[in-house]
Amino acid sequence: MKRILCLILLLPVICTITLSTTSAKSSEKTITFRNINDLREVVIDIYNDNYDELVEIAHKVRSFECDDEYVTFEANCGPCSTAFQKILYDHNIITETTIGANTDAHIFNFYRTEFTDSKGSFNSIIIDTTYKQYAMLYLTHDEITENLPEVLVYEYGNFDDMKAQLKGALNILDENEFNDMCTLLTVNQYYIAYIPQDFQELDFKSSMNYSSAFIDDLRNNGGAYTKPFDTLTLINTEKSVSKDFVYDSNGIYRCYISSEELKVFSTGFNVISPKENIEYGAKMENDTLRVIPNYPSPKTENDVRLISKGSTYPLSLNKSDITTPILISLDFRAGKDAPAIYAYAVGRTLKYGDVDFDCAVNIMDATYLQKAIAKIPSYNLDVFSKETCDVLKTNPYDINNATQICRYVAKFDTPYCGQSLYFSSALELSCNEVMGYIDM
């Protein structure tokens, strides 16, 4: 009877609204590169071959006045990085658009990959189209064009590699000026040992209309990483309370901590793998991880920590005045011996398919969505319901989403319905205009 009812309810409305997206096609496969030199050559070729498109997209993202020839020489890092992200994606290179967290002033593309020449290691690469804005403090347009690369491509934190990219500037600058220029770039591109993908900036959501499929590609396919452990457990300092991590995807584990559990784990915890008899702890005694609050706040170096394999030092949580649940993420893409860990307050927890926010996924959610698609007054989708109803990762107003919710209610297998969404303003990687979310 439930299945018949679902089909009947779907008949009244056959209506779709198409939303333009910055990444219309999903990347079916990603390119593999032998090494960073191979990657660098491909990236620069893509940049040169598609420069006109980069300029066109950048102008759509934000209006600015400068000659098109010199768009990437000015402080247009946001529009240019957003545009180049789309172009690289169309060439099956899935990059992030990341803000330089030390100054909150510079956005660049960030690429995670495994080179075939060095299997088993994960590489984090900066791809910066507008690094030239800092070189402009020392060099002219012509001097930059003649002596420096079109795009800066180097491994994150490898400053010798960065300097090697820029050594052509030594034809004009003395060594002190050259070092000053490189230091300026370092300050704007680096401040923590590892950049979590969850915190990347997507500032131009309203201009670019990112699709859910595109967001999923960024989060789940930005460099495939196999699952390192079957089970991981968070255990408090007294070894009296433990909580299992849930494997998300791409080398990342999540652990949801309730308000009550937060009191237990804030004094200190370690991460253990019971089957492998491996323990992870703080690098140094008295290390602290800040719980990022569910409101805009200045970034700190304690927002992300690297923990050490074999260490028994507990890592404590600086929860400040946070009383809401938190989500702790453990990212092994930073390295199996020293994974990255970060935690943030959860402001709201919803479920895919719960369009009317009654804490249940039922036939009323499909009905609500149908009426919203039909533009019936008082049936509107806000920024949150646009996320919860998009169970097919197409767009919120696709009638097939309502069909999928009906299938879930009728006990058919569905990939997302019923799955939890954890919202936090600490997260950037999302279509949501208010805050980002993690779905596990």
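What comes next concerns the included structure. (Residues numbered from 1 in each chain as written. Predicted model: local features only at pLDDT ≥ 70, side-chain atom pairs only at ≥ 80, totals over all residues. Heavy atoms only, no water.)

When helices and strands are counted, the chain shows 14 helices and 19 strands. Its C-alpha atoms give the chain a radius of gyration of 23 Å, near enough to 22 Å, the size a compact globule of 440 residues would have. With the C-alpha coordinates of the chain rotated into their principal frame, the extents come out at 80 × 55 × 40 Å. Taking the contacts inside the chain whose residues are at least 6 apart along the sequence as the reference set, 68% of them involve residues at least 24 apart. (Helix = DSSP H or I, 4+ residues; strand = E, 2+ residues; numbered from the N terminus. Rg over C-alpha atoms; globule rule 2.2 N^0.38 Å. Contact = heavy atoms within 4.5 Å.)

It is the contact of helix H12 (residues 363-373) with helix H14 (residues 399-409), at a shortest axis distance of 8 Å, that shows an interaxial angle of 170°. As far as their axial angle goes, H14 and H12 are roughly antiparallel. Taken together, the residues of H14 that come into contact with H12 (itself represented by Ile363, Asp365, Ala366, Leu369, Gln370 and Ile373) are Ile399, Asn401, Ala402, Ile405, Cys406 and Val409. Grouping the amino acids of the contact of H12 with H14 by side-chain chemistry returns 9 nonpolar, 2 polar and 1 charged. (Axes fitted to C-alpha atoms, helices over the stretch in contact; angles between N-to-C directions. Parallel < 35°, antiparallel > 145°, perpendicular 65-115°, else oblique. Nonpolar A, V, L, I, M, F, W, Y, C, P; charged D, E, K, R; others polar.)

Another aspect to go through is the packing of aromatic side chains. The final tally for this structure, using the stated rule, is 22 aromatic pairs. Measuring from centroid to centroid gives 6.2 Å for Phe199 and Tyr344, while their planes differ by 75°, and the two rings are edge-to-face. Of the two residues, Phe199 is situated in the loop between helix H8 (175-189) and helix H9 (205-208) and Tyr344 in strand E16 (residues 340-345); the sequence distance between them amounts to 145 residues. Residue class for Tyr344 comes out buried when judged on its relative accessible area of 0%. Here the guanidinium or amino end of Lys393 rests over the ring plane of Tyr416, the centre of that ring lying 4.5 Å away. Over the ring of Phe412 we find Arg407, and its NZ or CZ is 4.6 Å from the ring centre. (Phe/Tyr/Trp six-rings, centres within 6.5 Å; stacked < 30°, edge-to-face > 60°. Buried < 20%, exposed > 50% of the residue type's maximum accessible area, 1.4 Å probe, protein only. Lys NZ or Arg CZ within 6 Å of the ring centre and 35° of its normal.)

Scanning the model with the defined rule gives 16 salt bridges in all. Close ionic contact of Glu96 with Arg112 constitutes a salt bridge, the shortest N to O distance being 2.6 Å. Residue Glu96 is located in strand E1 (residues 96-100), and its partner Arg112 is located in strand E2 (residues 106-113); the two are separated by 16 residues in the primary sequence. Taking the relative accessible area as the measure of exposure, Glu96 reaches 2% and is therefore buried. A relative accessible area of 1% means that Arg112 is categorised as buried. Each of Asp198, Arg219, Asp248 and Arg254 takes part in one network of salt bridges that share partners. (Salt bridge = Lys/Arg side-chain N within 4 Å of Asp/Glu carboxyl O.)

A few words now on the pairing of strand E7 (residues 246-249). Where E7 lies against strand E8 (residues 252-257), 3 bridges are found, and the strand directions are antiparallel. In the strand pairing of E8, Val246 is matched with Arg254. Between E7 and E8, which pair antiparallel one after the other, the connecting turn spans 2 residues, and Asn250 there sits at a positive phi close to 55°. (Pairing = 2+ DSSP bridges.)

The next point concerns the sheet that holds strand E5 (residues 233-236). Within a sheet, adjacent strands bond to each other through the backbone by hydrogen bonds, running parallel or antiparallel. Read across the open sheet, the 5 strands follow the order E6-E5-E9-E10-E13; overall the sheet is antiparallel. Single-partner strands in this sheet number two, and they are strand E6 (242-244) and strand E13 (308-309). With 3 bridges joining them, E5 and E6 adopt antiparallel strand pairing. When the sheet's bridge partners are listed, Thr233 is paired in E6 with Asp244.

The phi dihedral of Asn92 is positive, around 65°, even though this residue is not glycine. Notably, Phe357 is not glycine yet its phi reads approximately 60°, a positive angle. Residue placement: Phe357 occurs in the loop between strand E17 (348-351) and H12. Assessed through its relative accessible area of 25%, Phe357 is described here as partly exposed.

Attention now moves to helix H7 (residues 159-166). Three or more residues of H7 are buried, namely Asp161, Met162, Gln165 and Leu166. One side of H7 holds all its buried residues, which, seen down the axis, span an arc of 135°. Those residues of H7 that are buried are in contact with helix H2 (36-49), strand E4 (152-155) and H8. (Arc of directions from axis to C-beta.)

This next bit is on the pairing of strand E10 (residues 278-281). With 3 bridges joining them, strand E9 (residues 269-273) and E10 adopt antiparallel strand pairing. Bridge pairing links Val271 to Tyr280 in E10. Hairpin remark: E9 followed by E10, antiparallel, with 4 residues in the connecting loop; positive phi at Asn277, about 55°.

Our focus in this paragraph is the environment of Gly100. Checked against the element boundaries, Gly100 lands in strand E1. What makes Gly100 buried here is its relative accessible area of 1%. For the pair Gly100 and Asn188, spaced 88 residues apart in sequence, the C-alpha to C-alpha distance is 5.1 Å.

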